Amino acid sequence: MSVDADTVRRIAHLARIAVAEDEISHLQGELNAILAFVEQLAAVDVANVEPMTSVTPMAMKKRPDVVTDGEIAEQVLRNAPATQDGFFLVPKVVE
Amino acid sequence: MTELTDLTIAQARDLLRNRKISAAELAEAHVAAVEGARALNAFVEETPQSARAMAKAADARLANGTAGPLEGIPLGVKDLFCTRDVRTTAASRILENFVPTYESTVTSNLWRDGAVMLGKLNNDEFAMGSSNETSFFGPVVSPWRRKGSNQDIVPGGSSGGSAAAVAARLCLGATGTDTGGSIRQPAAYSGIVGIKPTYGRCSRWGIVAFASSLDQAGPFARTVTDAAILLRSMAGHDPKDTTSVDRAVPDYEAAVGRSIKGMKVGIPKEYRVDGMGADVEALWQRGADWLKESGAEIVAVSLPHTRYALPAYYIVAPAEASSNLARYDGVRYGLREPGRDVIDMYEHTRAAGFGKEVRRRIMIGTYVLSAGYYDAYYLRAQKVRTLIKRDFEQCFAQGVAAILTPTTPSAAFAVGEKSSADPVEMYLNDVFTVTVNMAGLPGLSVPGGLDASGLPLGLQLIGQPFEEETLFALASVIERAAGAFTPEPWWSASGQA
């Protein structure tokens, strides 16, 4: 499989990365080089093989559903590019 | 007496405990070495003030008998580990001004045991790279050079700053992370020891995430014993990481020098790849001979799915990265670029904040997870991963205790030498190391010798899950036979490193 210019634009938008028109063909070439490389996996017989979902066999650990942290709004906001009155500030979403 | 920066961790520990040297003077010698080696670009943030304060506290504990196992030992920290009140960037522009309000579990463990922080070490952006050339802060230059050449060589990656700093004697040890070989490959390129422990052995909490099912922290050091000492402090159960294993941490140091008599060591025929240098091939044979002379039994083994590990990795790792890096949206932390609306702001922030290798991997990951392609790529890669892991399990079931391979197919290359249009050329550096991450196994790289041009080569030992002690025992045999390798300190004005 390989990607065309439109697909590159669509992936970039899905990934929320702005890509300039003059970067498209270069990016298309690089993505297709990687896709050509991974193409060899098509040769592997994976019939009746379970996908790996856990690296080490272990049951998911659980803990009581209680509050263990919090009341640190100032710390949470400290690295934000824009805040106001204890909230994250973003460009207007709803008109 | 030898230079303080030439000491091993084990030697420094004994001298500190016997009060022959102070933590303050040891820290001072390393602070000076770091300042004198800026030409290597190994550090992205030097923290001499914390180093002095931590050393002072260490001296107090050494005096009153409450010293920890790493008391007064100066270390460097890969800039992927969050450090409280010390800028943590993952070597990315998007985190250029990020100052964590918390400390990663692994570094907390090191400070708990008395270690001293010298600063934060350069790496490939978000650990995506094999040469430390994708860093926003510029490439790290290896302390090693080819014989008769002054061309800059890469230290390997992604933990290139860690490897260069330890090899150049700027710190006694350093932390790294390994997703596809990012500890073992730079350790091999820099002539030092590095171990990626079993997945789950070290907590991932507070480490900037790349590919969560593959990422694992581990140490760099100049000797096998030192790596064992560091791993013991770094490892351990952490309730904040659900994949962290609740299992006692052994005294790894005690395994160094342990007999390997009768131990079965496998040589996988699939690792004899095209393009492997004659020096590498010869070293691999020498490594097997050294182990045999010490009583190990060398057996031929087969890992038939080896060749599929790298392509499967380049689906799984970007897929997980595209998901993990979705958090960098210009809202909660990091860079923000203005936009017409919120989506436009996201797109411009991420375009400006991520470098080209990171953007490329996020896009590949987004593509292989997108509707209509998930089964063909991601699901298939996860099945191939099962087969890769099965290969190792079948090998271990035949009584094989560990597997010996070269760490890389060749020695390090020059800065800028592999910047062609085809990203796959760079990926091939990791052909011998990614299999280990795909299977979640422990892997250690130990220096084996120099190639014809005078650059270091490493041997990799792959072990059964949680059998790091076996790797330390085998590696110490190789270390004894091969000796240690030290670069000439060309970067230091005084000629002393």
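Since the structure is predicted, the reported quantities are computational estimates derived from the model, not experimental observations.

Novice: Quick one: what's the story with the interface of chain B and chain A, residue by residue and with numbers?
Specialist: The interface is formed by 68 residues belonging to chain B together with 53 residues belonging to chain A. Counting the surface lost from both chain B and chain A, the interface buries some 5200 Å², and carbon and sulfur atoms represent 71% of this. Linking chain B to chain A there are one salt bridge. Our enumeration of links across chain B and chain A arrives at 17 residue pairs in polar contact (both at pLDDT 80 or more). Those elements giving two or more residues to the side of chain B that touches chain A turn out to be α9 (309-324), α10 (342-353), α11 (356-369), α12 (375-397), α13 (424-427) and α14 (434-439) of chain B. Counting residues per element, the side of chain B that touches chain A draws most heavily on α12 of chain B, which supplies twelve residues. Split into classes, the residues belonging to the side of chain B that touches chain A amount to 36 nonpolar, 17 polar and 15 charged.

Novice: How would you sum up the domain arrangement of chain B? Please name residues and give values.
Specialist: Residue and element names in this part refer to chain B. Along its sequence, chain B is organised into domain 1 (2-262) and domain 2 (307-381). Inter-centroid distance (C-alpha atoms) of domain 1 to domain 2 is 28 Å. Contact residues are listed per partner, giving 19 residues for domain 1 and 22 residues for domain 2. Across the domain 1 to domain 2 interface the summed buried area is about 1700 Å²; carbon plus sulfur atoms make up 64%. Here domain 1 and domain 2 share zero salt bridges between them. Where domain 1 meets domain 2, there are ten residue pairs in polar contact (both at pLDDT 80 or more). Looking at the side of domain 1 that touches domain 2 residue by residue, the classes come out as ten nonpolar, seven polar and two charged.

Novice: If you had to explain the nonpolar core to someone new, which residues and values would you point to?
Specialist: All names here are of chain B. The biggest cluster of nonpolar side chains holds 185 residues, and the ones touching the most others in it are Phe126, Leu170, Leu291, Met363, Phe392, Leu404 and Phe472. No other element matches the ten residues that α9 contributes to this core. No fewer than three residues from each of domain 1 (2-262) and domain 2 (307-381) sit in this core.

Novice: Describe the sheet that holds strand β8 (residues 297-301) of chain B, and please don't skip the residues or the numbers.
Specialist: All names here are of chain B. Spatial ordering of the open sheet is given by β1-β3-β2-β4-β6-β5-β10-β11-β9-β7-β8, a layout of eleven strands whose pairing is mixed. Each of the sheet's edge strands pairs with one partner strand only, and the pair in question is β1 (43-46) and β8. For this sheet, the mean angle separating the axes of adjacent strands, direction not counted, is 30°. Taken together, the three bridges between β1 and strand β3 (residues 116-121) define a ladder with antiparallel strand orientation. When the sheet's bridge partners are listed, Glu45 is paired in β3 with Lys120. Relative to β3, helix α3 (residues 48-64) is tilted by about 160°, and along the sheet it contacts β1 and β3.

Reading guide: rules and limits
Residues numbered from 1 in each chain as written. Chains lettered and ligands numbered in written order. Predicted model: local features only at pLDDT ≥ 70, side-chain atom pairs only at ≥ 80, totals over all residues. Heavy atoms only, no water. Contact = heavy atoms within 4.5 Å. Buried area = accessible area lost by both parts, 1.4 Å probe. Salt bridge = Lys/Arg side-chain N within 4 Å of Asp/Glu carboxyl O. Polar contact = N/O pair within 3.5 Å; in protein donor to acceptor, adjacent residues only side chain to side chain. Helix = DSSP H or I, 4+ residues; strand = E, 2+ residues; numbered from the N terminus. Nonpolar A, V, L, I, M, F, W, Y, C, P; charged D, E, K, R; others polar. Domains from an automatic or database assignment. Core = buried A, V, L, I, M, F, W, Y, C linked by side-chain atoms within 4.5 Å. Buried < 20%, exposed > 50% of the residue type's maximum accessible area, 1.4 Å probe, protein only. Pairing = 2+ DSSP bridges. Axes fitted to C-alpha atoms, helices over the stretch in contact; angles between N-to-C directions.

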